[in-house]
Amino acid sequence: MLQEESDLSLIIAQIVQKLKGSSLYAQLERQAWASLQRPEIRLESLKEDIKEFFKISGWEKKLQNAVYSELNVYPLPSHPAAPPEHLKEPLVYMRKAQGSWEKRILKSLNSMCTELSIPLARKRPVGQQKELLNKWNEMGTDEPDLSLFRPVYAPKDFLEVLINLRNPNYENGDSLSFRTHLGLIQVPLKVKDIPELKECFVELGLNTGQLGIDDSTQVPPELFENEHVRIGQKVLAEQDSAAAQQYIRQGSPTALRAELWALILNISSQPEDILYYEQLKTNVIQHDLLVDSLIYKDVKLTASNDDYYFVFEDYLYQVLLCFSRDTSVLGHFAYNSASPPKSYIRGKLGLEEYAVFYPPNGVIPFHGFSMYVAPLCFLYHEPYKLYQTFREMYVRFFFRLHSISSHPSGIVSLCLLFETLLQTYLPQLFYHLREIGAQPLRISFKWMVRAFSGYLATDQLLLLWDRILGYNSLEILAVLAAAVFAFRAVNLMEVTSLAAAEFLLIFLL
Amino acid sequence: MSRPKNQNYKCHGSSKGKEREQRASIRFKTTLMNTLTDVLRNRPGWVEVKDEGEWDFYWCDVSWLRENFDHTYMDDHVRINHFRNHYELTRKNYMVKNLKRFRRQLEREAGKLEAAKCDFFPKTFEMPCEYHLFVEEFRKHPGITWIMKPVARSQGKGIFLFRRLKDIMDWRKGTAGKKFASLEAQPARAPTATVNPSGTHDTRSSDDQKDELPVENYVAQRYIENPYLIGGRKFDLRVYVLVMSYLPLRAWLYRDGFARFSNTRFTLTSIDDQYVHLTNVAVQKTSPDYHPKKGCKWMLQRFRQYLASKHSPQAVEALFSEIDNIFIKSLQSVQKVIISDKHCFELYGYDILIDQDLKPWLLEVNASPSLTASSQEDYELKTCLLEDTLHVVDMEARLTGKEKRVGGFDLMWNDGPVSREEGAPDLPGMGNFVTNTHLGCVNDRKNQLQQLFRSLQVQKKASS
């Protein structure tokens, strides 16, 4: 009992600490001061009256949403004496693996830099700044020579690293036994099995209505759709984050999705947010970073070639270039097993006073990174709204898809969950694919790393991402990947090579 | 079996038997080499005839039609894919005239509100004959942008934008202009093409001019300066409408179509950049930005989904029903002038532009929409479109004629509006009337066709 209480007070203290620095705190303060003018506020019962006022005016709801958001994003402290690294990643061997992976990436980036004799960062001459400002809304028309740039890494490189992950405390012995994993991932993390998944994802059960299925043309809308839309509108009217998160587990109606996501992610576009975005834009204009070329290359290679997303090319530059300048993103490294790469001012290698994070947001884009942003262009029109949503999605979810950690939503756990599900429920298929050299994870890895963006039609993808928001977990990606294999099991049993299996599944999605 | 009427007449098709009799094989002819030939060749029971062979079905091009239609005798069952004087709808200047006349008629008969439903065509003036009227309108709205389009050319050729009269002075110095200058010297008078009492136009009359220079007619049209943009780019919609007859008017609307994007970002500052403003794929293909792999089209379903996530369901419904209105009114306006021949049907490609207020505008109607595929997705769209067109034309005499949906086609107009509800009377006055159009909606044509043909077979067995 006592432990729980002290845990709770610790959590409360932490959240209060966090919120004190936010603009919401300043607004609440202002509102409290302003409320003193109101007749119903009496000196004798000042505290109660102000609380009542907050409740009625909707400010309490806003505070609730902010607290809820903090609870969702920040992991609960496991032990008061735990060092900050434990918050990032409790297992030492995982931390080490992430550390060496980062070293490799940075080395690759630095060598590209030296080879091409391009500085990591430089200030743009005024003429170029003006030019960029003029072209800001149509950067896609630029065709810089990107042939010499290579993406720093691709998902398959990352997969190789994960395959080689080993827990030094876990001695498997050389002989195969029933404990040996037949898949590619060889670390013993705890993943949910189907009964646990069923319990966790109870709203996705067969008896519950879902958008995307129960609103198809054959089903009369009175059975589910109309009521669901009505509830959605009510949730939006109440502006309740927690309710929205619960609601969206059954999918969001197209017309309400943009607002619902903003509510769940607790994004409200205040003037200071717009200003912040403009500030980032200025940073982009003034300084040219090497990663900018990487971003350009990635957009040109992936999103621009996509049948759905080529239209939004310009928005992608506007979001990703600003994202790389955003130092507020550094905050998420407190709970991300990754750490931002450090670089040193020329000539001052090793001197901590001259160390800077590179890129400023600490995130080095890889091949396909722009696909995290592309589907959001369907929802948000204004660049700053699009930007805020993407940033929030990244620091809550997407970062887990390319960093090595033991978190249940981390990519390692997702891979293991996928393989375990397949092995347990489709053992014949798993064995067959393994025999022909087509380990299922080699095919599904890229789907999961990109959260299926570019592999599913946009309307289906958005329904999937609804559930990610609703359950605050990425486990559904692994479940979907396994389900795809189950769906195509009959055809897959007949393929005889990895290439054939890939080919089969391209047309599936 | 052919039966020549005289030396000049070509006959096609067998003369024996009832019109709706099933044929052992259907002989088709076409000059196109693209998706159409694939579809025709793959159709069971259809055989290709070449050169001078007799045919039951001909997908011809308009030049053949112009030269041969009048000398060709066709048996009852024979079908051809154009109406004799389709240009009443597809030539920009004629379409404007017909629409203007229809609008006046509507105003007389049903009042201003009903007539306002015809205001989906930007203000257009024929050049050079309406030049003076144009200048009057031009002076009333200084500073707006106008677009000059040749009447009969396609694929974006010859089109340019202008804002000052000076800009067209330069154009006038070209071939078109010489004729222009001579006209200008004369006082403003009636249009060059003679209009017959029935309202039809005689194409040959444009040759009977005093000057010998071949005149190319142009239209000057008010340019829509606030198009709806997606990703900062301008786009237009290509929609397919199949007309089986004009008297009575029977028209089908295909659920699929596409939005064609301009490759560059929209801005009014550079009206010389035709790549910005013209969205034909043909023009875009020559733009330096063009990457053939990516194409620049969105299927209509994607477009409709995109709109649904940005605007209220009511706004989207309203837009699509205004688009339906464009089809109906434009067809009604030429209903009485097009020579309705039971042998003829026509697949039109409508080009629609949406502006920022979600108002649809008609850019033009194409009698020969491109059937070449620019991508795999495009190939599938056009293949299915053509297959379903042939299903509706029904050379195999399988349909009962009461169907409201065949594959991806929905019966949009059957001498009156068609209701979506099964078996409901098609009375637009009733409160629950929903039109039977599903543009941009799910197209589960394979399932529908399976069910349709299965039930037709059953019906046939029962009745025989």
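Residues numbered from 1 in each chain as written. Chains lettered and ligands numbered in written order. Predicted model: local features only at pLDDT ≥ 70, side-chain atom pairs only at ≥ 80, totals over all residues. Heavy atoms only, no water.

(A) Spatial organisation of the nonpolar core. Phe390 and Ile411 of chain A together with Trp298 and Tyr348 of chain B are the most contacted members of the largest nonpolar core, which totals 200 residues. Of all hydrophobic cores here, the second largest spans 34 residues; its members include Leu242, Leu399, Phe409 and Leu449 of chain B. (Core = buried A, V, L, I, M, F, W, Y, C linked by side-chain atoms within 4.5 Å. Buried < 20%, exposed > 50% of the residue type's maximum accessible area, 1.4 Å probe, protein only.)

(B) Layout of the packing of helix H7 (residues 126-134) of chain A against helix H13 (residues 271-286) of chain A. All names here are of chain A. Relative to each other, H7 and H13 sit at 135 degrees, their axes nearing to 8 Å. Taken together, H7 and H13 sit at an angle that is classed as oblique. Note on element contacts: H13 touches H7 through Lys281, Val284, Ile285 and Gln286, opposite Gln129, Leu132 and Leu133. Considered class by class, the residues forming the contact of H7 with H13 number 4 nonpolar, 2 polar and 1 charged. (Axes fitted to C-alpha atoms, helices over the stretch in contact; angles between N-to-C directions. Helix = DSSP H or I, 4+ residues; strand = E, 2+ residues; numbered from the N terminus. Parallel < 35°, antiparallel > 145°, perpendicular 65-115°, else oblique. Contact = heavy atoms within 4.5 Å. Nonpolar A, V, L, I, M, F, W, Y, C, P; charged D, E, K, R; others polar.)

(C) Region of the structure containing empty space enclosed by the protein. All names here are of chain A. Within this structure, the stated rule accounts for 10 cavities of 30 Å³ or more. Taken as a whole, the second largest cavity holds about 220 Å³ of empty space. The element contributing the most residues to the lining of the second largest cavity is helix H6 (residues 92-116), with 4 residues. Each residue belonging to the lining of the second largest cavity can be placed in one class, and the counts come to 11 nonpolar, 6 polar and 1 charged. (1 Å grid on protein atoms, 1.4 Å probe; cavity = no way out; pocket = protein on both sides within 12 Å on 5 of 7 lines; lining within 4 Å. Points joined across faces, edges and corners; volume = space filled by probe spheres on them.)

(D) A look at the confidence of the model for chain B. All names here are of chain B. With 75% of its residues at a pLDDT of at least 70, chain B reaches an overall mean of 78. Within chain B, strand S1 (residues 10-12) has the poorest average pLDDT of any element, 36, and strand S15 (residues 346-354) the best, 95. Across residues 202-214, confidence stays below pLDDT 50; counting only partners more than four residues off in sequence or on other chains, it has 13 contacts. This stretch, residues 288-295, has a pLDDT under 50; its non-local contacts, to residues over four places away or in other chains, come to 21 contacts. As scored by the predictor, the complex reaches a pTM of 0.83 and an ipTM of 0.81. (pLDDT = per-residue confidence, 0-100.)

(E) Representation of the sheet that holds strand S2 (residues 26-30) of chain B within the structure. Residue and element names in this part refer to chain B. Here we have 4 strands laid out as an open sheet, ordered S3-S2-S4-S6, and parallel in their pairing. The strands lining the two open edges of the sheet, one partner per strand, are strand S3 (46-48) and strand S6 (79-80). Where strand S4 (residues 57-59) meets S6, 2 bridges bridge the pair, whose relative direction is parallel. From the neighbouring strand, phenylalanine 57 faces S6, where its bridge partner is arginine 79. Sheet strands in contact with helix H1 (residues 35-42) are S2, S3 and S4, and its direction is about 170 degrees off that of S2. (Pairing = 2+ DSSP bridges.)

(F) Summary view of the interface of chain A and chain B. Every contact between the two is made by 24 residues of chain A and, on the other side, 23 residues of chain B. Summing both partners gives a buried area of about 2100 Å² for chain A against chain B, and 54% of it is carried by carbon and sulfur. For chain A, the biggest contributors to the area lost against chain B are Phe310, Val311 and Phe378 of chain A; these three give 29% of the whole. Taken together, the connections running from chain A to chain B amount to 1 salt bridge. Note that glutamate 313 of chain A and arginine 233 of chain B form a salt bridge whose closest N and O atoms lie 3.8 Å from each other. Remark: the boundary between chain A and chain B carries 6 residue pairs in polar contact (both at pLDDT 80 or more). Looking at the side of chain A that touches chain B, the element that brings in the most residues is helix H15 (residues 313-325) of chain A, giving 3 residues. For the side of chain A that touches chain B, the per-class residue count stands at 10 nonpolar, 8 polar and 6 charged. (Buried area = accessible area lost by both parts, 1.4 Å probe. Salt bridge = Lys/Arg side-chain N within 4 Å of Asp/Glu carboxyl O. Polar contact = N/O pair within 3.5 Å; in protein donor to acceptor, adjacent residues only side chain to side chain.)

(G) Layout of the pairing of strand S8 (residues 146-150) of chain B. Residue and element names in this part refer to chain B. In terms of residue burial, S8 counts as a mostly covered element, since 5 of its 5 residues are buried. By the alternation rule, side chains of S8 split into Trp146, Met148 and Pro150 and Ile147 and Lys149, which are all buried. The pairing of S8 with strand S9 (residues 160-162) spans 3 bridges and is classified as antiparallel. The residue bridging isoleucine 147 from the neighbouring strand is leucine 161, located in S9. Two strands pair when backbone bridges link them, and S8 and strand S10 (residues 218-222) are joined in this way by 5 bridges, in the antiparallel orientation. Note that in S10 the partner of isoleucine 147 across the bridge is glutamine 221.

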